[in-house]
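# Breakdown of the fold
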Amino acid sequence: MRKILFASSEVHPLIKTGGLADVSASLPIALQQHGQDVRIILPAYRQCLEAFDKIETVATIKLDGFYLPVEILQATLPDSDVILWLLHSPEHFDREGGPYGLPKSGDWEDNAARFALFSRAIAVLALDQAGLDWQPDILHCNDWQTGLAPALIADEPNRPATIFTIHNLAYQGLYPQSAFESLDLPESLWHSDGIEFYDLLSFMKGGLIYADHITTVSPTYAQEICSYEFGYGLEGLLSQRAKEGRLTGILNGIDNNEWDPESDQNIRKTYSVTTIRNKLMNKAAIQHHFSLPENYDALVLGIISRLVSQKGIDLTLDAVSALMESGANIQLVCLGSGEASYEQDLRMLRARFPDKVGVHIGYDESLAHKIEAGADVFLMPSRFEPCGLNQLYSLRYGTLPVVRNTGGLADSVTDATDENRKNEIATGFKFESSTAKALEERLLQAIDLYKHPRIWRKMMITAMEQDYSWEKSATAYLELYDSL
Ligand code: ADP
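Reading the values: rules and limits
- Sequence order as written defines the numbering, with residues in each chain counted from 1.
- In keeping with the predicted nature of the model, local features appear solely for residues at pLDDT of at least 70, side-chain atom pairs appear and are counted solely at 80 or more, and the whole-chain, interface and lining totals rest on all residues.
- Values reported for side chains reflect all heavy atoms of the structure, with hydrogen atoms and water molecules removed beforehand.
- Here a strand is any run of E in DSSP of at least two residues, a helix any run of H or I of at least four, and the numbering for each starts at the N terminus.
- Throughout, exposure labels follow a simple rule: accessible area from a 1.4 Å probe, protein chains only, divided by the maximum for the residue type, with under 20% read as buried, over 50% as exposed, and the rest as partly exposed.
- In this entry, domain limits derive from an automatic or database-based domain assignment.
- Computed with a 1.4 Å rolling probe, the buried area is the accessible surface lost when two parts are put together, summed over both parts.
- For this analysis, a salt bridge means a side-chain nitrogen from Lys or Arg found within 4 Å of a carboxyl oxygen belonging to Asp or Glu.
- Pairing between strands requires that DSSP locate at least two bridges from one strand to the other.
- What counts as an axis is a line fitted to C-alpha atoms, over the stretch in contact for a helix, and the angles between N-to-C directions run from 0 to 180 degrees.
- In what follows, residue pairs with any heavy atoms lying within 4.5 Å of each other are defined as contacts.
- Think of it this way: one heavy atom of a residue within 4 Å of a molecule or strand is enough to make that residue near it.
- We define a polar contact as two N or O atoms separated by no more than 3.5 Å, with the added condition that, inside protein, one atom must be a possible hydrogen donor and the other a possible acceptor, whereas residues neighbouring each other in sequence contribute only through side-chain atom pairs.
- The Shrake-Rupley method, run with a 1.4 Å probe sphere, supplies the accessible areas, and residue values consider only the shown protein chains as cover.
- The handedness of a crossover follows from its direction of travel: if, with the strands pointing away from the viewer, the path from the first strand over the helix to the second runs clockwise, the crossover is right-handed.

## Describing unusual backbone geometry
A cis geometry characterises the amide bond from His-12 onward to Pro-13, with omega recorded as 5°. Mapped onto the elements of the fold, Pro-13 is located in the loop between strand S1 (3-7) and helix H1 (19-33). You will see that Tyr-198, though not glycine, has its phi angle at about 50°, which is positive. Examined against the element boundaries, Tyr-198 turns out to sit in the loop between strand S11 (196-197) and strand S12 (200-202). Exposure remark for Tyr-198: the relative accessible area of 67% places this residue in the exposed category.

Put into structure tokens, the structure is as follows:
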């Protein structure tokens, strides 16, 4: 049994902006089921404090560079018995809003201090210096918010092995040099082979340089980030670490209990491979929800997404409006929030095609389940996609994904080519170039195939039979922990 400290700035169901939160709950639970002693450390955001009736203070610590002491609170992760430690510093985390800022006002101005504090606390726990009498064998950090922790303990003689997982290289935690100075970070870290990145402080580099091993969330993304196109200037460093055998891609899994069409309480009618016809009732339900005609013949396209450029929302808008103009029998149901211009464009599309488009701007987990169950096709034309979870949920719900051939999308969807269909392994539709035209062409093929119910049903069944549970991924992480 290994002791694993899992550090993340988001954990479902307590606080979530994206896939990181899902992974940070499911992976620790899966590791615990494999007999490991796992503990999670997360900032005590207001939402987290409100989620627990009773919460115990187990340590009070003073962190270098910060004036006031902070507390470690202990609870258990909901629906599990994984121990959860919450870093309680009211000044930094107990405030209205999301984990990184207010929805429309951008990031908090003190994010460098907030996540330097978090990284400092992770380092103290990793070295068993908080008086908790628990020293991990492995410190598993996730994304830039935890990136300074491996750097802070790199030279400590009794430190645990460190792993840093990149969930999205696009977010790096870059701050001016003045932030480095005000945070009182060790001078020895400030150089180009350290956490300096072209005169800026890079939290992400703390993980990339100092962790014993780097992982990212799909094999294809692990290769892509070593290239100029996806590397954001870090491709040289990442290629070097890959050459040393210190960069691995492990595809995320999904929580098969939460995302299970056979027992999903959010949907009108549960279904499985053997009762697949029941999916139609969910199609009617989602059409009704969005006030669209309950038309079985229309191909319903679903989207659940952060509305940002990464997700190719502009490609969707252009491709779908071209198809609708040309009279294609499709409907679009979209749930998302993000950049105001995309929200506005989606509302305008709805205004243009009121009987074909349904839009819900916001964040709604229950509606996300209803869309997965009700749509025929799930759209993910991402420009890049480290792993992506929604295409995995879609496969499980028999909602065929239409994806760009990148990152985790490339690794999880098998294209409906003639050959793959003949071999009965096709699960969705892939396209290469990041253009609306390429998406539109692939959608035309999907529309065409949908007119052949037997072929479509076969693909749905193949998709639903795929196994993307955490079992496989957790085993891969365990093997990696062992190798360290
Ligand atoms: P990313 O982490 O880049 O946002 P992923 O596909 O890895 O993308 O994970 C997104 C997660 O967030 C999924 O669980 C998805 O269902 C959820 N999600 C995104 N937007 C919404 C929304 N508006 N309402 C409900 N769930 C959402």
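## Quick word on the domain arrangement of the protein chain
Here the protein chain is partitioned into domain 1 (3-253 + 471-483) and domain 2 (276-464). Its C-alpha centre places domain 1 at a distance of 33 Å from the equivalent point of domain 2. Summing the contributions of domain 1 and of domain 2, the shared interface buries around 1500 Å²; its carbon and sulfur component is 54%. A per-residue breakdown of the area domain 1 buries against domain 2 is headed by Lys-104, Thr-220 and Leu-251, which together make up 24% of the total. Across the domain 1-domain 2 interface, the total number found is one salt bridge. For Glu-365, the salt bridge identified is with Lys-16, shortest N-O distance 4.0 Å.

## Some remarks on the sheet that holds strand S16 (residues 330-338)
In spatial order, the strands read S17-S16-S15-S18-S19-S20; together these six strands make up an open sheet with parallel pairing. Whereas interior strands pair on both sides, the edge strands pair on one side only; in this sheet they are strand S17 (357-361) and strand S20 (429-431). Neighbouring strand axes in the sheet, compared pairwise and without regard to direction, differ in orientation by 15° on average. As judged from the three bridges shared by strand S19 (residues 400-404) and S20, these two strands associate in the parallel manner. Bridge pairing in S20 links Arg-404 to Phe-431. Its contacts with the sheet put helix H12 (residues 313-325) on strand S15 (299-307), S16, S17 and strand S18 (377-380), and the angle it makes with S16 is roughly 160°.

## What to know about the pattern of salt bridges
Throughout the structure, instances matching the rule amount to 18 salt bridges. For the salt bridge of Glu-96 with Arg-46, the shortest nitrogen-to-oxygen distance reads 3.3 Å. Of this pair, Glu-96 sits in the loop between helix H3 (90-93) and strand S6 (101-102) while Arg-46 sits in helix H2 (residues 46-51); the two residues are 50 residues apart in sequence, bridging distant segments of the chain. Relative accessible area serves as the criterion here: at 57%, Glu-96 is assigned to the exposed category. Connected through shared salt-bridge partners, Lys-16, Asp-22 and Glu-365 make up one network.

## Examining the site of the ligand
Taken together, the neighbourhood of the ligand is formed by 17 residues, with Gly-19, Asp-22, Arg-306, Lys-311 and Gly-362 sitting nearest. One of the side-chain nitrogen or oxygen atoms of Lys-16 is found 3.0 Å away from an oxygen atom of the ligand. In this structure, Leu-389 approaches the ligand through a main-chain N or O atom, which is 2.9 Å from an oxygen atom. For the ligand, the protein covers 92% of the area, taking 560 Å² as the surface of the free molecule. Of all elements in the fold, only H1, S15, S16 and helix H15 (390-396) reach the threshold of two or more residues within the shell around the ligand.

## Considerations on the sheet that holds S12
Read from one edge to the other, the open sheet built from three strands follows the order S10-S12-S11, with strand pairing classed as antiparallel. Where the open sheet ends on each side, the last strands, each with one partner, are strand S10 (174-176) and S11. Pairing between S11 and S12: two bridges, direction antiparallel. Paired with Phe-197 across the bridge in S12 is Leu-200. Along the sheet, helix H7 (residues 203-210) contacts S10, S11 and S12; its crossing angle with S12, the most-contacted strand, is approximately 55°.

## A closer look at the environment of Pro-381
Topologically, Pro-381 is positioned in the loop between S18 and H15. Note: C-alpha distance between Pro-381 and Asn-405 (24 residues apart in sequence) is 8.6 Å. Every residue in contact with Pro-381, bar those within four places of it in the chain, is listed here: Lys-311, Gly-312, Leu-315, Thr-316, Val-402, Arg-404, Phe-431 and Leu-439.

## Notes on the pairing of S1
The element S1 is largely enclosed, with a buried count of four among its five residues. The pairing of S1 with strand S2 (residues 37-43) spans five bridges and is classified as parallel. Residue pairing for S2: Ala-7 is matched across the bridge by Ile-41. In terms of handedness, the path from S1 via H1 over to S2 forms a crossover that is right-handed. By the bridge criterion, four bridges tie S1 to strand S8 (residues 138-142) in an arrangement that is parallel. Paired with Ile-4 across the strands is Ile-138, a residue of S8.

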